[in-house]
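Listed below, chain by chain, are the residues.
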Amino acid sequence: MKKIKVSLESVRDEIKSFYDYKQWHLLTLNGLALAENKMEVQWIFSKYEAMDEIVVYYTEIENTETIPSIVDMIPSAIISQREIVDMFGVKVDGSEKGLYLDEDSMQRPLSGCSI
Amino acid sequence: MFTSFAKAFTNLFKKPQTIDYPLTPIVKDRDYRGLIGYGEEACIYCLKCEKACPPGAILFVPVENPPENKQNKKGLKYHYNPYLCIYCSECVRACPKPDEALWQSNKKPEVAVMDDRVNEGWFELEKLKKQND
Amino acid sequence: MKKTINIPLGSQHISLLEPVRFKFECENEKIISVDSDVGFVHRGIERACTTKFKFDAIGYVVARVCGLCAITHSLSYTAAIEKLLGGEITKKAKYLRILLLELDRVHSHMLCLSHTCENAGFEAMFMRIMGDRELVMEIQELLTGNRVQFDYINIGGVNRDISSEVAQKIVNNLYEVKQRVLGYMDEFTNNWSLSLKFKTIGALSLDDAYRLNAIGPLARASGLNIDVRNEIGYLPFSEVGFVMQTHSEGDINARNIVRLNEILNSILMCENILSGLPEGEIFTKLKGKPNGEAVVRFEAPRGELMYYVKGNGSAMLDRVRIKTPTFASIPAFSHIFVGENYADAPAILASFDPCLSCTAK
Ligand code: SF4
Ligand code: SF4
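Residues numbered from 1 in each chain as written. Chains lettered and ligands numbered in written order. Predicted model: local features only at pLDDT ≥ 70, side-chain atom pairs only at ≥ 80, totals over all residues. Heavy atoms only, no water.

Colleague: Run through helix α4 (residues 91–119) of chain C, naming residues and quoting values.
Modeller: Residue and element names in this part refer to chain C. When the terminal C-alpha atoms of α4 are compared, their 42 Å separation across 29 residues agrees well with the 42 Å that a helix rising 1.5 Å per residue should span. Extensive coverage of α4 is indicated by the burial of 27 of its 29 residues. Note on α4: the residue one or two positions beyond its end, Gly-121, has a positive phi of about 90 degrees. (Helix = DSSP H or I, 4+ residues; strand = E, 2+ residues; numbered from the N terminus. Expected span 1.5 Å × (residues − 1). Buried < 20%, exposed > 50% of the residue type's maximum accessible area, 1.4 Å probe, protein only.)

And the structure:
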């Protein structure tokens, strides 16, 4: 597993230059609560037909920041982005709440702060 | 295609695959994972089973007149909730005296509706356990 | 005037095994856009794993994510913990793990095939496959002690050894299953009414499969070589005779054929395992507490399953992330529906083999 740290602003460019749709596929987006109002966002990719080659792009953000969407490059990211919105209560460009939780729910189960 | 017609037609005259439950009882294999049995005399009260149990279906709580056993220094009594148990047999693997103190049978639990206070009784035990920790 | 009508499929629908809702926007018979809602059975398992249970119990918790691929879930989680603890398990335990994994794949694919037949209106075939599936369920019960929740895999190995009678019974039953599956093969390729319902319907092109990151039998039916069994080294799949099964058409029929071929391949793998089962212990005790991050992938019957586990050196974990196969394929599902007839939607849906309790966790 290779971990690459990127900044929130540059993540779209980094992924754009890295992602070749015939070689890599997006496993998922992952969130990780670090402290009360901080979280780590990870974009996990794996390579087709290679022995366990996994690349993780990650960045640390405040819960109030908006995560840029990568749906225009990788259409299948939409579902993971919506999950992150639900579970951590953060904002992702163009992904609305309501995959698991109700649209008006106040909960954010996996973020660091208690509900 | 005609074979499938023929199969479907002959199936009309076959015996059903299902058994006539409850008139015919379900035969359980000898090694089927079922209820946990407990032998009070052999237990050494090490509480390993309680720690190992994932859902917390085994509780040792202090009672007024505990079972007679030299090892039982804290006056604990074994409680087992068959409706919480997932029959994983972690407890049996953790027990230093399997087969004597703790073992797994191949029986299913009774239907819970017949029992009195299935949940409330257990919640009280859990509360008691918390107080004593 | 509006030209389109909206038709919901689900959340309760006769063709669904589990609750999901698709909202189809249709123009006459044609579906032109799809919206999906999958969270009806969300149980908060990821959160429970980090707040309620110690790491050694979570293998049993995640097995409850899904009833059909319970074994893959507990296996992936266990493999992640074993990676963090840094132990090596015995060869026999590895073989027994593959054995159960492949048996699970056989019965899960059979369920899917019968369900596609049912949704295409072929009830008799549904009954036949479901009846034959009992042969597999029976040996799974003998091997593990339960029909559905196997609870067979433990951190460090497996829970039960296999006796020679059970091994014999497995061989006999699998032989029987193999004969039946060869029969279905004929049915699925030659039966006229089934091909009417399946051929050229719900097709996914290879390029779209790449673009939408399709996985599992769905992608393999379009010719995409993705099978995690080919891409991981913790279990010796290639040693026991794993061969990737692909097809080029990408339609419902292709998916069925891929599944049938996979059943045959899995049966072959089980037979190889049983004939060459190594001697030795089935359990190695691993000491310590998980610390660090691990990503583990496995091939569940429906595709790639991923676990991300982060430990901090204590008994409670920091994060357990489960990425289930159906969850990742939903964008591909939605894409396939567009342009198809509404009447075909149930059959297409069944051919994806969706597992919603996995998806919603
Ligand atoms: S079998 Fe499993 S769930 Fe049941 S009491 Fe033992 S450890 Fe607990
Ligand atoms: S593990 Fe065995 S000996 Fe120890 S308390 Fe439980 S039943 Fe008794």
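Back to the write-up after that little detour.
Colleague: So what's going on with the nonpolar core? Which residues, and what values?
Modeller: Counting 153 residues, the largest nonpolar core has Trp-43 and Phe-45 of chain A together with Phe-24, Leu-99, Phe-188 and Phe-337 of chain C as its most contacted members. Ranked by the residues each element gives to this core, the list is headed by α4 of chain C, at twelve residues. Apart from the residues lying within four places of it in its own chain, the contact partners of Leu-99 of chain C are Leu-143, Ile-162, Ile-170, Cys-270, Ile-273 and Leu-274 of chain C. Listed in part, the 21 residues of the second largest apolar core include Cys-43, Cys-53, Ile-58 and Phe-60 of chain B. (Core = buried A, V, L, I, M, F, W, Y, C linked by side-chain atoms within 4.5 Å. Contact = heavy atoms within 4.5 Å.)

Colleague: Lay out the sheet that holds strand β8 (residues 317–323) of chain C in plain terms, naming residues and giving numbers.
Modeller: Residues and elements named next belong to chain C. The strand order across the open sheet formed by three strands is β6-β7-β8, and the pairing between neighbours is antiparallel. Each having just a single partner strand, β6 (291–300) and β8 make up the two edges of the open sheet. Averaged over all pairs of adjacent strands, the angle between strand axes in this sheet comes to 10 degrees, irrespective of strand direction. Here ten bridges tie β6 to strand β7 (residues 303–312), and the two strands are oriented antiparallel to one another. In the strand pairing of β7, Ala-294 is matched with Val-309. (Pairing = 2+ DSSP bridges. Axes fitted to C-alpha atoms, helices over the stretch in contact; angles between N-to-C directions.)

Colleague: I'd love a proper account of the sheet that holds strand β3 (residues 38–47) of chain A, names of residues and values included.
Modeller: The pairing of strands in a sheet comes from backbone hydrogen bonds and takes either a parallel or an antiparallel form. Residue and element names in this part refer to chain A. Across the sheet, four strands lie side by side as β1-β4-β3-β2; this open sheet has mixed pairing. This sheet does not close on itself; its edge strands, each paired only once, are β1 (2–5) and β2 (24–35). Across the sheet, the mean angle separating the axes of adjacent strands is 25 degrees when strand polarity is ignored. Relative to strand β4 (residues 54–62), β1 runs parallel, the two sharing four bridges. The residue of β4 that forms the bridge with Lys-5 is Tyr-58.

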